[in-house]
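Single-letter residue listing:
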Amino acid sequence: MEQLTHIFARKVYFAVHYRAVVFQYAFDTVIIDTRKKGDVAKGHIAGSLHIENGKTFSTWAGSLVDYQQQLILITDEAHTEDLTRKLMR
């Protein structure tokens, strides 16, 4: 947990990531990090999947995640609606 505070300087990110880690282990939830690979390289949640938001996002997500699996998306707020739509296809 201390490591996350150094990776993510803004408290909002820390709160989101801390909750994501708790959900991941408590409820067997998959975390999909949709940020750019440069941002993910700077710091990510251990055990999360990195699938960038792009043309093949829904293909990769459909191949790697079970349809009944609960998941958490790590993304910019501006991309949330677009990613949700892609996951419903």
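Here's a quick rundown of the structure. (Residues numbered from 1 in each chain as written. Predicted model: local features only at pLDDT ≥ 70, side-chain atom pairs only at ≥ 80, totals over all residues. Heavy atoms only, no water.)

Scanning all chains against the criterion turns up four salt bridges. Arg85 is the salt-bridge partner of Asp82, the closest N and O atoms lying 3.8 Å from each other. A residue pair is termed a helical-turn pair when its members lie 3 or 4 positions apart in one helix, as Asp82 and Arg85 do in helix 5 (residues 80-88) at three residues. Residue class for Asp82 comes out partly exposed when judged on its relative accessible area of 25%. (Salt bridge = Lys/Arg side-chain N within 4 Å of Asp/Glu carboxyl O. Helix = DSSP H or I, 4+ residues; strand = E, 2+ residues; numbered from the N terminus. Buried < 20%, exposed > 50% of the residue type's maximum accessible area, 1.4 Å probe, protein only.)

Time to look at the sheet that holds strand 3 (residues 71-74). The strand order 2-1-3 describes an open sheet built from three strands, whose pairing is parallel. Of all the strands in the sheet, just strand 2 (49-50) and strand 3 have a single pairing partner and so form its edges. Two strands pair when backbone bridges link them, and strand 1 (residues 30-33) and strand 2 are joined in this way by two bridges, in the parallel orientation. Among the inter-strand pairings, Ile32 is bridged to a residue of strand 2, identified as Leu49. (Pairing = 2+ DSSP bridges.)

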